[in-house]
Amino acid sequence: MKMTMSGSGWWRWMVLVAVVLSAAGTVTAGDSGQGLTEEAQECFECHEDESLEKDMTNGETLSLNVDGDLFLGSAHGALDCTSCHRNVVLDDHPDERAVESCEAHRAEISTSCRMCHSDSRLQEVPVHFALVSQPDAPACASCHAAHTIRSIDEWKTSLDDSNYCLTCHSRSIRASFSDGVPLALTMDVTQLRESVHLDHDCTDCHQTFGKDAHAVREFSDRREHSLELAAVCRECHDDMYEQYEGSIHFSIIAGGNVDAPVCTDCHGSHFVNPVATLETIAGVPCRRCHQEIFDSYAESMHGQARGAAGHIEAPICADCHRAHGVQAASWTGKFKAACLSCHDNLEAVHGVWLPNAGLHLDVVACPSCHAPEAERRIDLALFNRGDGRLVTDEDLQAHFGDNDIPRAGGDGAELSAVDLWRYVRETNGNGSGRPIVLTGQLEVKTGIEAHRMTGKEGAVATCSSCHLKGAEAFRTVTMSLVESDGRVRHVQVDDKVLGSVTSMGSLGGFYVLGSTRIGLLDILLIMAVLGGMSVPAMHMTARLLARQKMGREGR
Amino acid sequence: MRTHTMTTAEGMAAGALGKGRAARSGKNQVPRNMILFFAAPFIGLTYIIVLPLVAFGAIGTFMITAAFAAG
Amino acid sequence: MKKVYIHPLPVRIWHWINAFGFVFMIVTGLQIRYPEIFGITSFRQAVELHNTAGFVLIANYFLWLGFYLFSDRIKIYHPELNPRKHFEDSLRQVVYYSRGIFRGDPNPHHSDPYHKFNPMQKMAYQVIMLLVVPLQFATGLLLWDIKRFEGAVALLGGVRVVDTAHVLCFIFFASFLFVHFYLATLGSTPSEHFKAMFTGYEEMEEEAGS
């Protein structure tokens, strides 16, 4: 029955009658009318009507029905209605007061809560107090059901860990970082339940929180928050974390740059998807930071096979780089193992048309031919044949001290053939055997280009693209120096070292027919051929002249 | 300088080296031949290196002798 | 003039295979080393031709070696063990080529089947046939399949060293080609030695009283 907004006085008499009748015990509000206050009983005479509603100004409709049994069973069951509904004057009820919206109504009523639940009381649970103290905190009634509030102990006991957390965290609550950036604390349960962690409780990861403790945490920024929480993954995923600790991403963070990824940056936090989704073109997380490389990969035959054609055996990022133990982009010589893990029998396949196929595979990086648009260069590296490692920056410092090792190469200083010879000589020391040699690789200049690989149809098959004096690849020469975190620094080398006779002792192992020929030998050839031609020519001329002379003299 | 003429027969005899050639003829010369054959380049290389020194020595001797004869 | 049988058939066969073979190797070698200058064949074709001809020449070398090791004509390569005699004969030969030949003097060296070479030639061919040519073949073989022989290549100091040795030998042969060809024209007629290397018979001056 809908109440009209008339102001006739007969209504007040009806209320009086109801009060008298209820006092006689003939009118009750529900089965357990006992325990409700007199006022409450009076209110329930109308408010037990399920159809009782009020229109809000914004068009919403607020149900005015209250379940008396539930209210009696709640923590506030012994209170008068007007303890909270302070603006209700029984003599003038219902009134014509307009209410903007249901939310506005809840906000208004919630001011009553603070009559009993004062700041000092609320501060006993600091995190709750922190939430409600925010300027746009939700109204008490938004979280705490209005008429069915239970005691905290009873409520905690009735809920499991996750649902306990969700009583607040399913609502639109938030905190903020020290830098003022807000952090939404709302948890979308459906997404959690669709993730691989669906069987976990909140407290399995958020271990410092729970029914018994919930500190008010403060983080300087979002990144600090992410880094701390990612450490929790280790509890269950120790093997992966151990791999991660050996990775370049870990080294970068340890070095102070916190933008490198931690577990949650790739896997997400609450919405952890199965690994398979991370290995799709659309879902691979690497592209978030390595977009250019990813775009290059997507155009490559691997990316096309994986993406458009759906061949999941085609490699994506983690297949070559490994997901957790990803190393710094390093010396090309080590990378071939990734290609060879799928493409076995390469020597036989290339040997059909390529002379010295095995040597080519050792010295030429795969993208040098299979990414034909890429710019190429020669990269030299001091390689210890004894232990199979590159000589590191530290090893060189031990021999030379800081001054002699070219730094960064940005100032234009290039290593000369003599410099290279010194490095080889000094690092080998006086020991017998010379395990340290300078090896050379023909590689592409940037990682972006290296990913744009084609199949054999697009690959370089013309020998003269490299076996030609002045070929592009031989005009840029660098030397790789390995730093302590595994990253490789490239130092510029004078390209003349490739054809210098002084490189015989240092670059003995790197030689390319036609392109890196020693210029001195060309001079020797010309001299030898000219000599070989001219000495006989002179001798023959002398003989002819002598014969003519003898002929004239009659001999 | 006198020219030196050789008959084929003399050449054949002289081909077997110097002393003991009569004694060696008839025995199996193949191993000896092979050893000399493979030693030849090293001896030849030595001769090549030394020849210019000998030539200059000879020229020098002539010059000194001529100088003494003239003076 | 009398004809003396100086060049046995295996030697003649070996010689002409070698002659054309070495010219072929030099031409293909130039194409490999100077691809930006020469355009006779593609780089890969040149490598393949060079490899094939190289193996033919190595087999040819063993034909030469096999013949001489089991023939008494091996003596033409034997060294003169008397140094004094050797230097006297050598200097006599030098004087002939630098003076006597212009004056119409006869050649002081007379070839016979067991003394084919004059002292200068003998030194040269001893070194060429038993040092330089084997070195060229060995370095060429290593370069043919560097991966297969990577132990030996590394022992020698690396590909660069092996290739430099190969190129130095090539420079020598390229120069020698002209000298050898010219010296071959110094027979009784310019074509006499060429014909002899086909027929086997050299024309010699009749000895007085023989």
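If you're wondering where the values come from, they're calculated on a predicted model, not measured in any experiment. (Residues numbered from 1 in each chain as written. Chains lettered and ligands numbered in written order. Predicted model: local features only at pLDDT ≥ 70, side-chain atom pairs only at ≥ 80, totals over all residues.)

Novice: Any details on the overall build of chain B? Residues and values, ideally.
Specialist: Secondary structure assignment for chain B yields three helices and zero strands. Each helix (α) and strand (β) of chain B, taken in turn from the N terminus, gives the series α-α-α. Taking all 71 residues of chain B together, the buried fraction comes to 8%. (Helix = DSSP H or I, 4+ residues; strand = E, 2+ residues; numbered from the N terminus. Buried ≥ 20, exposed ≤ 12 C-beta atoms within 10 Å, placed from the backbone.)

Novice: Outline the overall build of chain A, supporting the account with residue identities and numerical values.
Specialist: Assigned secondary structure in chain A consists of 27 helices and nine strands. In terms of overall size, chain A is more extended than a compact globule, its C-alpha atoms giving a radius of gyration of 42 Å where 555 residues would be expected to give roughly 24 Å. Dimensions of chain A, computed from the C-alpha atoms along their principal axes, are close to 175 × 50 × 40 Å. The contacts of chain A with a sequence gap of at least 6 include a subset with a gap of at least 24, amounting to 69%. (Rg over C-alpha atoms; globule rule 2.2 N^0.38 Å. Contact = placed C-beta atoms within 7 Å.)

Novice: Give a detailed account of the interface of chain A and chain C, specifying residues and quantitative values.
Specialist: Of the residues lining the interface, 37 residues belong to chain A; the matching set on chain C comes to 31 residues. If you list the elements that add at least two residues to the side of chain A that touches chain C, you get α22 (357-363) and α27 (519-552) of chain A. Its residues assigned to classes, the side of chain A that touches chain C shows 22 nonpolar, 10 polar and five charged. (Nonpolar A, V, L, I, M, F, W, Y, C, P; charged D, E, K, R; others polar.)

Novice: Before we move on, could you go through α27 of chain A and cite the residues and values that matter?
Specialist: The end-to-end C-alpha distance of α27 of chain A, which contains 34 residues, comes to 49 Å, matching closely the 50 Å that a straight helix rising 1.5 Å per residue would cover. Buried within α27 of chain A are the following residues: Leu525, Ala528 and Gly532 of chain A. Packed against the buried residues of α27 of chain A are α6 (159-184) of chain C. Of the residues flanking the end of α27 of chain A, it is glycine 554 of chain A, one or two places downstream, whose phi is positive at about 80°. (Expected span 1.5 Å × (residues − 1).)

Novice: Give a detailed account of unusual backbone geometry, specifying residues and quantitative values.
Specialist: All names here are of chain A. Cis geometry is found at the peptide bond from histidine 93 to proline 94, where omega equals 0°. As for its placement among the helices and strands, proline 94 is situated in the loop between α3 (68-73) and α4 (102-116). Residue asparagine 345 is not a glycine yet carries a positive backbone phi of 65°. Take asparagine 345: it is sitting in the loop between α20 (336-342) and α21 (346-351). Assessed through the 9 C-beta atoms surrounding it within 10 Å, asparagine 345 is described here as exposed. Of note in this structure, asparagine 356 is not a glycine but carries a positive phi near 50°. Take asparagine 356: it is sitting in the loop between α21 and α22.

Novice: An account of helix α1 (residues 9-33) of chain C is needed here, citing residue identities and associated values.
Specialist: All names here are of chain C. Taking 1.5 Å per residue as the helical rise, α1 with its 25 residues ought to reach 36 Å, and the 35 Å between its terminal C-alpha atoms agrees with that figure. Those residues of α1 that sit buried are Trp14, Phe22, Met25, Thr28, Gly29, Gln31, Ile32 and Arg33. Of the surrounding secondary structure, the elements contacted by the buried residues of α1 are α2 (43-69) and α6.

Novice: I'd like a description of the packing of α1 of chain C against α2 of chain C, backed by residues and values.
Specialist: Residue and element names in this part refer to chain C. At a minimum axis separation of 9 Å, α1 and α2 run at an interaxial angle of 155°. Judged by the inter-axis angle, α1 sits roughly antiparallel to α2. In the crossing of α1 with α2, the sense of the turn from one axis to the other is left-handed. Among the residues making up the contact of α1 with α2, the classes are represented as 17 nonpolar, eight polar and no charged. (Axes fitted to C-alpha atoms, helices over the stretch in contact; angles between N-to-C directions. Parallel < 35°, antiparallel > 145°, perpendicular 65-115°, else oblique. Left-handed = near helix turned anticlockwise from the far one by under 90°.)

Novice: Outline the packing of α2 of chain C against helix α4 (residues 119-144) of chain C, supporting the account with residue identities and numerical values.
Specialist: Residue and element names in this part refer to chain C. Contact pair α2 / α4: the axes reach a minimum separation of 11 Å and the direction vectors enclose 140°. On the basis of the axis angle, α2 is oblique to α4. Seen along the crossing, α2 lies across α4 with a hand that is left-handed. Residues Asn51, Gly54, Ile58 and Tyr61 of α2 form the contact with α4, whose participating residues are Val133, Phe137, Gly140 and Trp144. Counted by class, the contact of α2 with α4 contains five nonpolar, three polar and no charged residues.

Novice: A description of the environment of serine 464 of chain A should follow, citing residues and the corresponding values.
Specialist: With respect to the secondary-structure elements, serine 464 of chain A resides in the loop between α26 (447-450) and β8 (477-482). For serine 464 of chain A, a count of 15 C-beta atoms within 10 Å puts it in the partly exposed group. If we skip the residues at most four places from it in the chain, serine 464 of chain A touches Pro35 and Phe43 of chain C.

Novice: Quick one: what's the story with the confidence of the model for chain B, residue by residue and with numbers?
Specialist: All names here are of chain B. Per-chain confidence: chain B averages 75 in pLDDT, with 62% of residues scoring 70 or above. For chain B, per-element mean pLDDT is lowest for helix α1 (residues 8-15), which scores 47, and highest for helix α3 (residues 30-70), which scores 92. Counted against residues more than four places away or in other chains, residues 1-11, with its pLDDT under 50, gives 14 contacts. With pLDDT under 50 throughout, residues 13-20 is counted as low confidence; its partners more than four residues away or in other chains account for 10 contacts. (pLDDT = per-residue confidence, 0-100.)

Novice: Quick rundown of the confidence of the model for chain A? Include the residues and the values.
Specialist: Residues and elements named next belong to chain A. Overall, the predicted model of chain A reaches an average pLDDT of 84, with 91% of residues at or above 70. The secondary structure element of chain A with the lowest average pLDDT is helix α1 (residues 10-23), at 60, and the one with the highest is α27, at 94. The model gives residues 1-7 a pLDDT under 50, and that stretch makes four contacts with residues more than four places away or in other chains. Every residue in residues 26-33 is under pLDDT 50, and counting partners more than four places away or in other chains gives 19 contacts.

Novice: Lay out the pairing of strand β5 (residues 376-384) of chain A in plain terms, naming residues and giving numbers.
Specialist: Residue and element names in this part refer to chain A. In terms of burial, β5 is a largely internal element, eight of the nine residues being buried. Note: β5 against strand β7 (residues 436-444), nine bridges, orientation antiparallel. The residue bridging arginine 377 from the neighbouring strand is glutamate 443, located in β7. Examined bridge by bridge, β5 and β8 share four bridges and lie parallel to one another. Residue aspartate 379 lies in a different strand from β8, and its bridge partner there is threonine 478. The pairing of β5 with strand β6 (residues 389-390) spans two bridges and is antiparallel. Opposite asparagine 384, over in β6, you have arginine 389 as the bridge partner. (Pairing = 2+ DSSP bridges.)

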